[in-house]
Number of protein chains: 4
Amino acid sequence: MSGVHGLSEAQFATLSEKAIAAKEAAYCPYSKFRVGCALLCDDGTWVTGANVENASYPVGICAERTALVKAITEGKMKFKAIGVATDIVPPASPCGMCRQFIREFAELDMPVIMFDNDGNHVTMTLEQLLPVSFGPGQLPT
Amino acid sequence: MSGVHGLSEAQFATLSEKAIAAKEAAYCPYSKFRVGCALLCDDGTWVTGANVENASYPVGICAERTALVKAITEGKMKFKAIGVATDIVPPASPCGMCRQFIREFAELDMPVIMFDNDGNHVTMTLEQLLPVSFGPGQLPT
Amino acid sequence: MSGVHGLSEAQFATLSEKAIAAKEAAYCPYSKFRVGCALLCDDGTWVTGANVENASYPVGICAERTALVKAITEGKMKFKAIGVATDIVPPASPCGMCRQFIREFAELDMPVIMFDNDGNHVTMTLEQLLPVSFGPGQLPT
Amino acid sequence: MSGVHGLSEAQFATLSEKAIAAKEAAYCPYSKFRVGCALLCDDGTWVTGANVENASYPVGICAERTALVKAITEGKMKFKAIGVATDIVPPASPCGMCRQFIREFAELDMPVIMFDNDGNHVTMTLEQLLPVSFGPGQLPT
Ligand SMILES: [Zn+2]
Ligand SMILES: [Zn+2]
Ligand SMILES: [Zn+2]
Ligand SMILES: [Zn+2]
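As named in an unreviewed UniProt entry, chain A is Cytidine deaminase, taken from Ascodesmis nigricans. UniProt, in the comment section headed Cofactor (unreviewed entry), describes chain A in these words: "Zn(2+)". For chain A, the Function (unreviewed entry) comment in UniProt is given as "This enzyme scavenges exogenous and endogenous cytidine and 2'-deoxycytidine for UMP synthesis."

*Asks:* Describe the packing of helix 2 (residues 63–72) of chain A against helix 2 (residues 63–72) of chain D, and please don't skip the residues or the numbers.
*Replies:* The axes of two packed helices give the description: the angle between them and the distance between them. Two numbers describe how helix 2 of chain A lies on helix 2 of chain D: the axes approach to 9 Å, and their chain directions differ by 105°. Taken together, helix 2 of chain A and helix 2 of chain D sit at an angle that is classed as roughly perpendicular. Contacts between helix 2 of chain A and helix 2 of chain D involve Thr-66, Val-69 and Lys-70 of chain A from the former and Thr-66, Val-69 and Lys-70 of chain D from the latter. Along the lines of polarity and charge, the residues of the contact of helix 2 of chain A with helix 2 of chain D split into two nonpolar, two polar and two charged.

*Asks:* Break down the coordination of the zinc ion (ligand 2) for me, with residues and values.
*Replies:* Residue and element names in this part refer to chain B. Note on the zinc ion (ligand 2): its protein donors are Cys-62 (SG), Cys-95 (SG) and Cys-98 (SG). The metal-donor distances range over 2.3 to 2.4 Å. Mapped onto the polypeptide sequence, the residues donating to the zinc ion (ligand 2) form the spacing pattern C-x32-C-x2-C. For the pair Cys-95 and Cys-98, one class covers both residues: buried.

*Asks:* So what's going on with the relation of the copies chain A and chain D? Residues and values would help.
*Replies:* The transformation that overlays chain A on chain D combines an axial shift of 0.0 Å with a rotation of 180°, and the residual RMSD is 0.0 Å. The superposition of one copy onto the other is thereby described by a two-fold rotation axis. Minimal C-alpha separation from the rotation axis in chain A is found for Lys-70 of chain A, amounting to 3.1 Å. Interface overlap between copies: 100% of the residues of chain A at the interface are likewise at the interface in chain D, consistent with a symmetric, same-surface contact.

*Asks:* Describe the packing of aromatic side chains, naming the residues involved and giving the relevant values.
*Replies:* One pass over the structure, following the stated rule, counts 22 aromatic pairs over all chains. Between Phe-101 of chain A and Phe-105 of chain A, the ring centres sit 6.1 Å apart and the planes meet at 55°, which makes this aromatic pair tilted. Residue Phe-101 of chain A shares its accessibility class with Phe-105 of chain A, and that shared class is buried. Among the aromatic side chains, those forming a connected cluster through ring pairs are Tyr-30 and Tyr-57 of chain A together with Tyr-30 and Tyr-57 of chain C.

*Asks:* I'd like a description of the coordination of the zinc ion (ligand 4), backed by residues and values.
*Replies:* All names here are of chain D. Cys-62 (SG), Cys-95 (SG) and Cys-98 (SG) make up the full set of protein donors to the zinc ion (ligand 4), lying at 2.3 to 2.4 Å. Summarised as a motif, the one-chain spacing of the donors to the zinc ion (ligand 4) is C-x32-C-x2-C. Here Cys-62, found in the loop between strand 2 (46–50) and helix 2, pairs with Cys-95, found in the loop between strand 3 (79–85) and helix 3 (96–103); they are 33 residues apart in sequence, far enough to count as distant.

*Asks:* Go over the sheet that holds strand 2 (residues 46–50) of chain C, please, and point to the residues and values.
*Replies:* Residue and element names in this part refer to chain C. Overall, mixed pairing links the five strands, which are arranged 2-1-3-4-5 in an open sheet. Every other strand in the sheet has two partners, leaving strand 2 and strand 5 (121–125) as the edge strands with one partner each. Across the sheet, the axes of successive neighbouring strands diverge by a mean angle of 20°, strand direction being ignored. Packed on one face of the sheet, helix 1 (residues 9–22) meets strand 1 (36–41), strand 2, strand 3 (79–85), strand 4 (111–115) and strand 5 and runs near 145° to strand 1. Running at roughly 140° to strand 2, helix 2 (residues 63–72) makes contact with strand 1, strand 2 and strand 3 of the sheet.

*Asks:* Give a detailed account of the relation of the copies chain C and chain B, specifying residues and quantitative values.
*Replies:* Note on the copies: chain C fits chain B at an RMSD of 0.0 Å, the axial shift is 0.0 Å, and the rotation between them is 180°. The fraction of interface residues of chain C whose copies in chain B are also interface residues reaches 100%, indicating that both copies meet through the same surface.

*Asks:* Give me the lowdown on the interface of chain C and chain B, citing residues and values where you can.
*Replies:* Taken residue by residue, the interface counts 31 residues in chain C and 31 residues in chain B. Here chain C meets chain B over a buried area of about 2,600 Å², counting both sides, of which 71% is carbon and sulfur. The tally of links between chain C and chain B comes to 10 residue pairs in polar contact (both at pLDDT 80 or more). Of all the elements in the fold, those that place two or more residues in the side of chain C that touches chain B are helix 2 and helix 3 (96–103) of chain C. Considering each element in turn, the side of chain C that touches chain B owes the most residues, five residues, to helix 2 of chain C. Residues of the side of chain C that touches chain B, tallied by class, amount to 19 nonpolar, seven polar and five charged.

What counts, and at which threshold
Residues numbered from 1 in each chain as written. Chains lettered and ligands numbered in written order. Predicted model: local features only at pLDDT ≥ 70, side-chain atom pairs only at ≥ 80, totals over all residues. Heavy atoms only, no water. UniProt positions renumbered as here; feature names shortened; annotations may be inferred. Axes fitted to C-alpha atoms, helices over the stretch in contact; angles between N-to-C directions. Helix = DSSP H or I, 4+ residues; strand = E, 2+ residues; numbered from the N terminus. Parallel < 35°, antiparallel > 145°, perpendicular 65-115°, else oblique. Contact = heavy atoms within 4.5 Å. Nonpolar A, V, L, I, M, F, W, Y, C, P; charged D, E, K, R; others polar. Donors = N, O, S within 2.8 Å, 3.2 Å for Na, K, Ca; no water. Buried < 20%, exposed > 50% of the residue type's maximum accessible area, 1.4 Å probe, protein only. Least-squares fit on C-alpha atoms with pLDDT ≥ 70 in both. Phe/Tyr/Trp six-rings, centres within 6.5 Å; stacked < 30°, edge-to-face > 60°. Pairing = 2+ DSSP bridges. Buried area = accessible area lost by both parts, 1.4 Å probe. Polar contact = N/O pair within 3.5 Å; in protein donor to acceptor, adjacent residues only side chain to side chain.

Written as structure tokens, this is what we have:
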């Protein structure tokens, strides 16, 4: 049977498990809103992240960006998929700041898979989530 | 003759002029990328903004968010349109962080009008720019 | 009688009044932590701000940065003093992100005056709040 | 011979090596300003980070915050020291936003050791870098 958005069934299952498990690492005493994120890197390895908040709210970092800076600074620059899990139904989507952060590194057709608390998910590509995006090509050089 | 996205022709012309003129106020010694923003508030008044950068790049604030915090803290909480002007062609779109900031206050069908350096523009609604957005309703209460 | 930190008594009184009044404009449904800010510009004019939060907490903007982007984009680039007011005792200080934002524009000896909810205040210079700061001079040109 | 700020000589040497080496992982096409960071965790393990920039400058993440979110989401919540390395002389200090981020997790007397490009360093405690800080205890509960 075919996989989902270019992922094998096993990869999809792992993405789901890892994104959901990553919520355990959240530091979110202010919002109480746990978010877990799992990245499937191009080389087949996995990187996970969770949100890390701050008493000065704007200083905190979301789960998606946590996972990405981990990956990037470990030399993993290309990605096959990103999964995001929260405790609500229907699933939450990445905030606009995270969509912008993902945009810097991911192909526009990379799937972003959002898992809710009931075992369901919604999938959209990065381009669907951040159409006509602002990106590296538009800055003066 | 009918207007554009619910704006009268005069309003549209003013939005364009104000967004373009607002670029003059940009403080962007690092990117050299000037952005101007004009907000048409629900009460018919105008608020403008520009990008304000910082030596620590993540600390800077984009033009759209500058205009919005001005408006919000002056008690203007509802908006008819937002215009964004840059010096490039085709026009630049708001970054994801700004789309998220706008989302907190604007209706999903509010037009975001992007002006380029050749007198042309592209219009999209907030919902088109930030589909399936993460918003206030999703946080625990 | 002499004034405080280079301010006349009248200026100090106005700074206090304006910072405290500015709290009314806060949009802080998530933290419920109102912050007001008043800037005394070099030309003797005043600019105020308040915190504007977002459902995605890291996207919000503090009161101090709100006041500063207002001032900067109105062409006011030099400041005599900044006042910050909250509803707690003893007074809250600006977060590190705001100290960094102020650093871009203010002299190191500019007073930052923090007002608490009991009519008391604490004053420190920017340099005292952000010693050995990272600033514009350290970036490659 | 005694160590530095509670670190053994070997720990200090490792901190320096790791912070400097971490610069290699920086993604900084916009600022061209590489920053590396090394964290010595309370359990004796090490976590490193580097700056990860974005075409929308405010969306980027500094080296110090990258290292910290890695550590925090791996369950390392306490730290003995943090080292920051750049390519300039004298050494750059953490920006205010990072000082605030560190503040959420570190003791006020934790040493922040800044390495320059000539093999020299400057050490300050977190409290020296962010005096009278805004922290978790000040928010309403
Ligand atoms: Zn986010
Ligand atoms: Zn933006
Ligand atoms: Zn702040
Ligand atoms: Zn920083």
